[in-house]
Amino acid sequence: MLVLGLETSCDETGVALYDTERGLLADALFSQVDIHVEYGGVVPELASRDHIRKTLPLLEEVLARAGCQATDIDGVAYTAGPGLVGALMVGATLARALAWGWGVPALGVHHMEGHLLAPMLEEDHPEYPFVALLVSGGHTQLVRVDAIGQYRILGESLDDAAGEAFDKAAKMLGLPYPGGPHIARLARQGTPGRFTFPRPMVNRPGLDFSFSGLKTYTLNTVADCRAAGDLDEQDKCDIALAFEEAVVATLVIKCRRALKQEQLKTLVIAGGVSANVNLREQLATALAREGGRVFYPAPRFCTDNGAMIAYAGAQRLQAGQVDAVASRVRPRWPMEELPPLAARGAG
Ligand code: KG4
Ligand code: ZN
């Protein structure tokens, strides 16, 4: 079954073709970062308008690269939430219209399920059950995954998401949006041990996260540096390193705790922050020591992309799940409401 996947939930237009027999045939992405950078964050209306401009040209591109015709497509999957409502509506209406025109089924996919299943696109992929750490700009969640659609949220952020914390810390250091990759870049030049930031909530039992205290600590450290003279490049690198270390250490501790609690050895990390090299390395080392293993998507499939939506949609479409011919998107959407594969028939 050949499935077209469309991702338009935020500031990336992603389009991909996934075949359930042959795997990922082609994917294309347009990042709107340059459009939003001057505003210091995503401007929803600009995002929607650009998705309108980019989605069809990207579709032409993936069809050409895969050597396929539109008539070869057996189903269309699109991100139906969570995300920016206008941006979601663009993908949803376009996907529904294409599916209607081609006479094939369409299905709305949960964006975080897409992230969660992205490691399945790799040849060396995890077996169920596993614990997933979802770390993106809008979510920080630990999820027990027994199968597609069988998710139990073990813990989540009580305030900022991990990616959001990276973005806000970056802003304090005068770095552009999105800040995560910039913090990671500066951290590489940081002086180890110059600053030690608190590891939030690690001494409290449970699997929830909180990053707002770390944000305040960062702000105070920036202010101290300014008061002592200037906030020079080295100060920025040292703060970036201390910040990244604190977030990474917290995530590693909670992941180990979740695996222990669930008596599992396999961890998946996905979402934009899973591109962080320091996080990947430290999780791999910590888990190897305990006989566990961590799986992650290829770096280009850590952040938003069409391939993960095509994959998740293909699994559900193949199981006979189809949406009614009405576009419904959900800016907020708890993942635990998703049905398992067998529970929702065609119709
Ligand atoms: O999953 P994603 O592309 O979009 C959402 O669904 O939110 O995640 C974007 C987030 C941003 O907050 C960005 O700063 C962060 O992922 N990010 C990183 C890195 N690359 C992206 N954070 C830390 N280190 C990175 N290398
Ligand atoms: Zn995302």
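The coordinates are above.
For clarity, every value in this text was computed on a predicted model and none was experimentally measured.

Asker: Can you walk me through the overall build of the protein chain in this structure?
Answerer: Across its full length, the protein chain carries ten helices and ten strands. The C-alpha radius of gyration computed for the protein chain amounts to 20 Å, which stays within 12% of the reference 20 Å derived for 347 residues, consistent with globular compactness. Dimensions of the protein chain, computed from C-alpha atoms along their principal axes, come out at roughly 65 × 45 × 30 Å. Within the protein chain, buried positions represent 54% of all 347 residues. At a minimum sequence separation of 6, the contacts of the protein chain that also span at least 24 residues come to 72%. Of the roughly 14,700 Å² of accessible surface on the protein chain, a fraction of 52% belongs to carbon and sulfur atoms. Averaging the coordinates of the 32 positive side-chain charges in the protein chain and doing the same for the 41 negative ones gives two points 5 Å apart.

Asker: What should I look at first to understand the packing of aromatic side chains in this one?
Answerer: A ring pair, where both rings are aromatic, is described by two values, the distance of the centres and the angle of the planes. A complete count under the given rule lists five aromatic pairs for this structure. Judged by centre distance (5.3 Å) and plane angle (20 degrees), the rings of Tyr-128 and Phe-130 are stacked. Taking the relative accessible area as the measure of exposure, Tyr-128 reaches 31% and is therefore partly exposed. Among the residues examined, Phe-130 registers a relative accessible area of 0% and is labelled buried. On the basis of an interplanar angle of 85 degrees and a centroid distance of 5.2 Å, the ring pair of Phe-166 and Phe-243 is categorised as edge-to-face. Pair noted here: Phe-166 is in helix H5 (residues 162–172) and Phe-243 is in helix H8 (residues 233–262), with a separation of 77 residues, a long-range link. Take Phe-166 and Phe-243: they sit in the same class, and that class is buried. The ring of Phe-209 has Lys-254 lying over it, and the distance from NZ or CZ to the ring centre is 5.7 Å.

Asker: Which parts of the structure should I look at to understand the coordination of the zinc ion (ligand 2)?
Answerer: Expected angles at a metal are 109.5 degrees for tetrahedral coordination by four donors and either 90 or 180 degrees for octahedral coordination by six donors. The coordination sphere of the zinc ion (ligand 2) contains the protein donors His-111 (NE2), His-115 (NE2) and Asp-304 (OD), at a distance range of 2.0 to 2.1 Å. Mapping the donors of the zinc ion (ligand 2) onto the primary sequence gives the spacing H-x3-H-x188-D. You can see His-111 sitting in helix H4 (residues 111–117) and its partner Asp-304 sitting in the loop between strand S10 (293–295) and helix H10 (306–318), a full 193 residues away along the chain.

Asker: I'm lost on the site of ligand 1 in this one. Help?
Answerer: In the region of ligand 1, 19 residues are neighbours, and Gly-137, Asp-167, Gly-180, Gly-272 and Asn-276 sit closest. One nitrogen or oxygen atom from the side chain of Asn-276 is found 3.0 Å from a nitrogen atom belonging to ligand 1. Residue Asp-304 places a main-chain N or O atom 3.1 Å away from an oxygen atom belonging to ligand 1. With three residues, H5 is the single largest residue contributor to the shell around ligand 1. In the shell around ligand 1, the residues fall into five nonpolar, twelve polar and two charged.

Asker: Looking at this structure, how should I read the packing of H5 against helix H7 (residues 212–227)?
Answerer: A pair of packed helices is captured by two measures, namely the crossing angle of their axes and the spacing between those axes. Contact pair H5 / H7: the axes reach a minimum separation of 10 Å and the direction vectors enclose 15 degrees. When the interaxial angle is binned, H5 and H7 end up roughly parallel. By crossing handedness, the relation of H5 to H7 is classed as right-handed. Where H5 approaches H7, its residues Lys-168, Ala-169 and Met-172 are matched on the opposing element by Lys-215, Thr-218, Leu-219, Val-222 and Arg-226. A per-class count over the contact of H5 with H7 returns four nonpolar, one polar and three charged.

Asker: Which parts of the structure should I look at to understand the pattern of salt bridges?
Answerer: Pairing between side chains of opposite charge can happen when the charged atoms of each approach one another. The tally for this structure, following the rule as stated, stands at 19 salt bridges. Residue Arg-316 is joined to Glu-113 by a salt bridge in which the shortest nitrogen-to-oxygen separation is 2.8 Å. Remark: Glu-113 occurs in helix H4 and Arg-316 occurs in helix H10; sequence separation between them is 203 residues. Given a relative accessible area of 1%, Glu-113 falls into the buried group. When the shortest N-O distance is used, the salt bridge between Glu-290 and Arg-256 registers 2.7 Å.

Asker: Would you take a moment to explain the nonpolar core for this structure?
Answerer: For soluble globular proteins, the rule of thumb is that nonpolar side chains tend to be buried together. By size, the foremost hydrophobic cluster in this structure holds 59 residues, and its most contacted members are Leu-4, Val-76, Leu-116, Tyr-151 and Met-335. No other element matches H10, which puts eight residues into this core. If we ignore the near neighbours within four places in the chain, the residues touching Leu-116 are Phe-130, Ala-132, Leu-134, Val-145, Tyr-151, Val-268, Ala-270 and Met-335. Ala-170, Leu-207, Cys-237 and Val-273 belong to the second-largest nonpolar core, a separate cluster that totals 48 residues.

Basis of the calculations
Residues numbered from 1 in each chain as written. Chains lettered and ligands numbered in written order. Predicted model: local features only at pLDDT ≥ 70, side-chain atom pairs only at ≥ 80, totals over all residues. Heavy atoms only, no water. Helix = DSSP H or I, 4+ residues; strand = E, 2+ residues; numbered from the N terminus. Rg over C-alpha atoms; globule rule 2.2 N^0.38 Å. Buried < 20%, exposed > 50% of the residue type's maximum accessible area, 1.4 Å probe, protein only. Contact = heavy atoms within 4.5 Å. Areas by Shrake-Rupley, 256 points an atom, 1.4 Å probe, with all protein chains shown as cover. Lys, Arg positive; Asp, Glu negative; His and termini not counted. Charge placed at Lys NZ, Arg CZ, Asp CG, Glu CD. Phe/Tyr/Trp six-rings, centres within 6.5 Å; stacked < 30°, edge-to-face > 60°. Lys NZ or Arg CZ within 6 Å of the ring centre and 35° of its normal. Donors = N, O, S within 2.8 Å, 3.2 Å for Na, K, Ca; no water. Near = heavy atom within 4 Å. Polar contact = N/O pair within 3.5 Å; in protein donor to acceptor, adjacent residues only side chain to side chain. Nonpolar A, V, L, I, M, F, W, Y, C, P; charged D, E, K, R; others polar. Axes fitted to C-alpha atoms, helices over the stretch in contact; angles between N-to-C directions. Parallel < 35°, antiparallel > 145°, perpendicular 65-115°, else oblique. Left-handed = near helix turned anticlockwise from the far one by under 90°. Salt bridge = Lys/Arg side-chain N within 4 Å of Asp/Glu carboxyl O. Core = buried A, V, L, I, M, F, W, Y, C linked by side-chain atoms within 4.5 Å.

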